[in-house]
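Remarks on the overall topology
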Amino acid sequence: MRIGIVVDSACDLPQDFITDHRIVLLPITVRIGEAMLADHRDEQATLSFLHAHVAEHGAEAETIPFNVQQIRDLFLQQLVIDYDHVFCMTITRTRSPIHDSALQASFAILNDYKPVRQAAGYNSPFALRVIDTQNLFAAQAVTAVEAVRLRDSGASVQQIRERLEELAGNVHGYMVTRDLYYMRARARHKGDRSVGLLSAALGSALDIKPILHGYRGDTAPVAKIKGFDNAVAKLFEVVGKRVRHGLMTPTVCVSYGGELDELRALPGYSRLQAICEENGVQLYASVMSLTGMVNVGKGAVTVGFADQPHRFE
């Protein structure tokens with residue numbers, strides 16, 4: 001059986017991993033004023049757009065995910081021919097409409113695929129599963145990596161489906177942002193009051209950086225640390241402890257809102273790399289998606305891994 005894997009472009013994976021494993025993207029377009037770019041996970045295009053537009057005006061950006069019709073067309077024009085079963089894994093539905101659009105499109109796809117497949121010489125049925133990853137950015141990527149690993153190992157569709165649905169509720173995402181004022185401006189632009197003026201002003205005045213935890217569709221602070229470098233070092237230290245304790249999958253994903261050389265130079269990153277190597281865990285580092293950068297700001301760090309419930313300490 002030919003199994004396809006689909007993610008939206010907020011899923012922070014390295015560009016070569018996406019290409020090498022034939023992962024299909026649902027691109028999210030970012031518009032800032034007159035400038036527009038459809039995010040196809042091209043790292044150089046993302047960085048160019050970041051430096052030209054996001055750094056100054058990102059808080060005012062509009063993100064435009066694929067709508068129901070565009071998702072339907074992608075599947076009926078390509079995926080129902082190329083694959084027999086597709087797993088479509090989306091950013092958490094609590095932060096984006098793309099999951100609900102994919103789910104709605106799936107009904108039309110399953111109703112309309114037969115003549116398309118028959119014209120291409122396939123008489124077997126086509127199936128599609130839409131999965132809410134319940135997380136964001138680097139954390140969203142953990143489920144996609146596991147889908148690739150399972151497909152390449154020869155797992156059955158049922159085994160893959162059960163495993164991915166189990167993982168979706170057990171992936172932890174962490175983030176440290178450089179600029180709370182930016183996050184507040186962005187949140188206000190979207191009508192989201194989750195980042196208050198007082199907390200942004202206090203955090204910036206004292207250089208206090210919250211470490212945010214994404215889990216099962218919710219996001220909340222788990223620590224507040226003075227200084228961005230100190231906060232990132234603490235985050236990498238805690239992730240290293242979880243790696244040593246034993247993760248549910250041999251994967252840690254990290255994304256950064258800028259050049260990857262800057263990420264590698266952050267305190268604690270090289271130590272986290274070493275811990276992952278010592279424990280047989282693959283560390284994937286990628287440039288953050290445009291969607292991520294316009295929502296959380298230039299220079300933010302996100303980390304994701306699958307693990308049991310735990311305390312951040």
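Note that this is a predicted model, so its numbers are computed, not measured. The numbering scheme is per chain: residues are counted from 1 as the chain's sequence reads. Only residues with pLDDT of at least 70 are given local features in this predicted model, and only at 80 or more are side-chain atom pairs given and counted; all residues enter the totals for whole chains, interfaces and linings. Only hydrogens and water are set aside; all other atoms, that is, all heavy atoms of the structure, feed into the side-chain values.

1. Thoughts on the pattern of salt bridges
- By definition, a salt bridge exists where a carboxyl oxygen of Asp or Glu is found within 4 Å of a side-chain nitrogen of Lys or Arg. Counted by the stated rule, this structure contains 20 salt bridges.
- For Arg151, the salt bridge is made with Asp152, and the minimal N-O distance between the two is 3.8 Å.
- Each of Glu146, Arg149, Arg163 and Glu166 takes part in salt bridges that share partners, so that together they form one network.

2. A word on the sheet that holds strand S7 (residues 127-132)
- The pairing criterion is simple: DSSP has to find at least two bridges between the two strands. Where helices and strands are cited, they refer to DSSP runs of H or I of at least four residues and of E of at least two residues respectively, numbered from the N terminus. A sheet is described by the order of its strands in space; here four strands give the open sequence S2-S1-S6-S7, paired in parallel fashion. If you trace the sheet from one side to the other, it starts and ends with strand S2 (24-26) and S7, each paired once. The sheet shows a mean angle of 25° between the axes of neighbouring strands, taken without regard to direction.
- Here three bridges tie strand S1 (residues 3-8) to S2, and the two strands are oriented parallel to one another. In the strand pairing of S2, Asp8 is matched with Leu26.
- Packed on one face of the sheet, helix H3 (residues 68-82) meets S1, S2, strand S6 (85-90) and S7 and runs near 160° to S2. Axis definition: a line fitted to C-alpha atoms, limited for helices to the stretch in contact. Angles are taken between N-to-C directions and run from 0 to 180 degrees. In this description, contact between two residues means that some pair of their heavy atoms is separated by no more than 4.5 Å.

3. What to know about the state of the cysteines
- In what follows, a disulfide is any cysteine sulfur pair within 2.5 Å. Under the counting rule described, the total for this entry stands at zero disulfides.
- This cysteine, Cys253, is not joined by any disulfide, and Cys11 carries the nearest cysteine sulfur, 7.6 Å off.
- The structure places no disulfide on Cys276, whose sulfur is separated from the nearest cysteine sulfur, that of Cys253, by 10 Å.

4. Looking at the packing of aromatic side chains
- Here the aromatic set is Phe, Tyr and Trp, taking the six-membered ring for Trp, and pairing holds for ring centres within 6.5 Å; pairs whose planes are under 30 degrees apart are stacked, those over 60 apart are edge-to-face, and all others are tilted. This model, assessed by the stated rule, comprises five aromatic pairs.
- When the ring of Phe17 is compared with that of Tyr284, the centres are 5.1 Å apart and the planes differ by 70°; the resulting orientation is edge-to-face. Separated by 267 residues along the polypeptide, Phe17 in helix H1 (residues 15-20) and Tyr284 in strand S12 (residues 282-287) bring together distant segments of the chain.
- Phe17 gets classed as buried once you look at its relative accessible area, which sits at 9%.
- Each residue's exposure class comes from its accessible area (1.4 Å probe, protein chains only) as a fraction of the maximum for that residue type: buried when under 20%, exposed when over 50%, partly exposed otherwise. We classify Tyr284 as buried; its relative accessible area is 18%.
- Here Tyr174 and Phe305 contribute two aromatic rings whose centre-to-centre distance is 6.0 Å and whose plane-to-plane angle is 25°, an arrangement assigned as stacked. With Tyr174 in strand S8 (residues 171-176) and Phe305 in strand S13 (residues 301-306), this pair connects stretches of sequence that are 131 residues apart. Like Tyr174, the residue Phe305 is buried in the burial classification.
- The structure contains a cluster of three or more aromatic residues connected by ring pairs, namely Tyr174, Phe305 and Phe312.
- Seen from the ring of Tyr122, Arg2 lies directly overhead, with NZ or CZ sitting 4.3 Å from the centre. We count a charge as sitting over a ring when the NZ of a lysine or the CZ of an arginine lies within 6 Å of the ring centre and within 35 degrees of the ring normal.

5. A short note on unusual backbone geometry
- For Arg22, which is not glycine, the phi torsion reads 55° and is therefore positive.
- With respect to the helices and strands, the residue Arg22 is situated in the loop between H1 and S2.
- Positive phi values are uncommon outside glycine, yet Arg41 reaches one of about 60°.
- Here Arg41 lies in the loop between strand S4 (35-39) and helix H2 (43-57).

6. With respect to the pairing of strand S10 (residues 218-226)
- Bridge count between strand S9 (residues 208-215) and S10: eight bridges; the pairing is antiparallel. Opposite Gly214, over in S10, you have Thr219 as the bridge partner.
- Following S9, the chain reverses through two residues before pairing antiparallel with S10; Arg216 in that reversal takes a positive phi of roughly 55°.

7. Focus on the environment of Ile160
- In this fold, Ile160 is placed in helix H6 (residues 157-168).
- Along the chain, Ile160 and Glu146 lie 14 residues apart, while their C-alpha atoms are 8.8 Å from each other.
- Those residues in contact with Ile160, other than ones at most four positions away along the chain, are Ile3, Phe87, Leu150, Arg151 and Ala155.

8. So, H3
- The end-to-end C-alpha distance of H3 is 20 Å, a good match for the 21 Å that 15 residues give at a rise of 1.5 Å each.
- Bend angle per residue: angle between axes fitted to the 7 residues ending at that residue and the 7 residues starting there. Roughly 45° is the biggest bend found in H3, and it falls at Leu76.
- Listed as buried for H3 are Ile71, Leu74, Phe75, Leu76, Leu79 and Val80.
- Where H3 is buried, its residues contact S1, S2, S6, helix H4 (98-119) and S7. A helix is expected to reach a length of 1.5 Å times the quantity of its residues less one.

9. Looking at the nonpolar core
- Definition used in this section: a nonpolar core is a set of buried Ala, Val, Leu, Ile, Met, Phe, Trp, Tyr and Cys residues joined via side-chain atoms within 4.5 Å. Core analysis: the biggest nonpolar cluster contains 77 residues, and Phe75 and Val252 have the highest contact counts within it.
- Beyond its immediate chain neighbours, meaning those up to four positions away, Phe75 contacts Val6, Val80, Val86, Ile109, Phe126 and Leu128.
- The next biggest cluster of nonpolar side chains, apart from the first, holds 32 residues, and it includes Ile18, Ile23, Val142 and Leu167.

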